[in-house]
Amino acid sequence: MEKQVPTVGELLKNAPKNWGRWGNDDEVGGLNFLTSAEVLRGVAAVKQGKTFTLQVQMGNPKGDPVWPGRDPSKRMNVLDEGHFLCGKGPAFPGGLHYADDVMFMYLQGSTQYDALGHVWCDGKLYNGYDANTTIGGMEKVSVLPLAERGIVGRGVLIDMARHRGKRSLDPGETFTHEDLLAAAKKQGVTIEKRDVLVVRTGWISAFYEKDRAEFYKDFVEPGLTYTPELVEWFHQMEIPNLVTDTIANEVTIDPVSGCALPLHIALMSNLGVTFTEIAQLDPLSDDCEQDGQWSFLYVAAPLKVVNGSGAPVNPVVIK
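Residues numbered from 1 in each chain as written. Predicted model: local features only at pLDDT ≥ 70, side-chain atom pairs only at ≥ 80, totals over all residues. Heavy atoms only, no water.

### Re the sheet that holds strand β10 (residues 274–277)
Pairing between the strands of a sheet is mediated by backbone hydrogen bonds and can be parallel or antiparallel. Taking strand neighbours across the sheet as the criterion, the nine strands line up as β1-β13-β11-β5-β7-β9-β10-β4-β12 in an open arrangement whose pairing is mixed. Since the sheet does not close on itself, it has two edges, and those belong to β1 (51–53) and β12 (310–312), each with one partner. Each strand of the sheet is rotated relative to its neighbour by a mean of 25 degrees, with strand direction disregarded. Bridge analysis of strand β4 (residues 112–114) against β10 gives two bridges, and the strand direction is antiparallel. Paired with Q112 across the bridge in β10 is E277. (Pairing = 2+ DSSP bridges. Helix = DSSP H or I, 4+ residues; strand = E, 2+ residues; numbered from the N terminus. Axes fitted to C-alpha atoms, helices over the stretch in contact; angles between N-to-C directions.)

### Focus: the pairing of strand β7 (residues 196–200)
Side-chain positions along a regular strand alternate between the two faces of the sheet. Burial runs high along β7: five of the five residues are buried. Because side chains alternate across β7, one face comprises the buried residues V196, V198 and R200, and the other comprises L197 and V199, equally buried. One ladder, built from three bridges, connects β7 with strand β9 (residues 241–244); its direction is parallel. If you follow V198 over to β9, its bridge partner there is V243. (Buried < 20%, exposed > 50% of the residue type's maximum accessible area, 1.4 Å probe, protein only.)

### Details of the side chain of D195
When you line up the elements, D195 lands in the loop between α6 (177–187) and β7. Taking relative accessible area as the criterion, D195 reaches 0% and is therefore assigned buried. A polar contact of 2.7 Å, which involves the side chain of D195, links it to the backbone nitrogen of E192. Once residues within four sequence positions are removed from consideration, D195 is found in contact with R41, R154, V156, T190, I239, P240 and N241. (Polar contact = N/O pair within 3.5 Å; in protein donor to acceptor, adjacent residues only side chain to side chain. Contact = heavy atoms within 4.5 Å.)

### Some points on α6
All buried positions along α6 are accounted for by H177, L180, A183, A184 and Q187. Along the long axis of α6, the arc covered by the buried residues comes to 120 degrees, so they all point the same way. Opposite the buried face of α6, by more than 90 degrees, sit the exposed residues E178, K185 and K186. On its buried face, α6 sits against β5 (151–159), α5 (160–163), β6 (174–175), β7, β8 (223–224) and α9 (228–237). (Arc of directions from axis to C-beta.)

Given below as structure tokens:
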């Protein structure tokens, strides 16, 4: 018999929420946890002065990893030396030449932050805002409040692929907070309250190594999987930001309930955990493995897109 899949609302009817915790007008959710003290705790994690950027390349000739159904970004020259050679370039005193180009892309078509209102169920966005406020553009809980506030705090990298002795986790491979804690113990690092939680699976690197048809065939990403205990752990740990090298931060289909992406509701919409997706974590992970330092200062600010459901970002890690 075909499995009966509950609605996400039914699945999470007893799940914790942070709606109203920071007032009825709040639009940044868990970023409220990143107080000045948390910024200074992040600064204290800087020991060596090493820097890493976490954005994947945009407009890469090998393609851009995007959610199925979204088109990769397209960059085009609109002015270059060819225009000047054929006499169609603008003339400036002194003979200045220059290049211009444009890019067309999904706002979630690169390393990016989701707006807290990006997903919802039962007609309500994060903090109880009406889903009708998304019509024509996100009037509430768009990416703009996240971008204007910025994200700065102590980050910690948990390498699940390395923990399991793999270059990349397999399609549909799952893990929970208990697996994260076990990996952290093995790495010799502690996940602390209010940490920016960065999780490597190796999945985005597999995108560049595999044939496109192979990568997207029967598409099910690896990632965190829903349990009530996992959601409560995120709640108690006051995690402000989840960062992964997958396109959606969680296993695509919950293997128990059959729901698609339930943690987008449980963590982002209910608790206000900000989601950063499609991060490139391999160089950072390799360096952490070499020097044994898995915690760092994490700094990010998505682009200030008015009414946007997400925006590209190039996070910076300082060790």
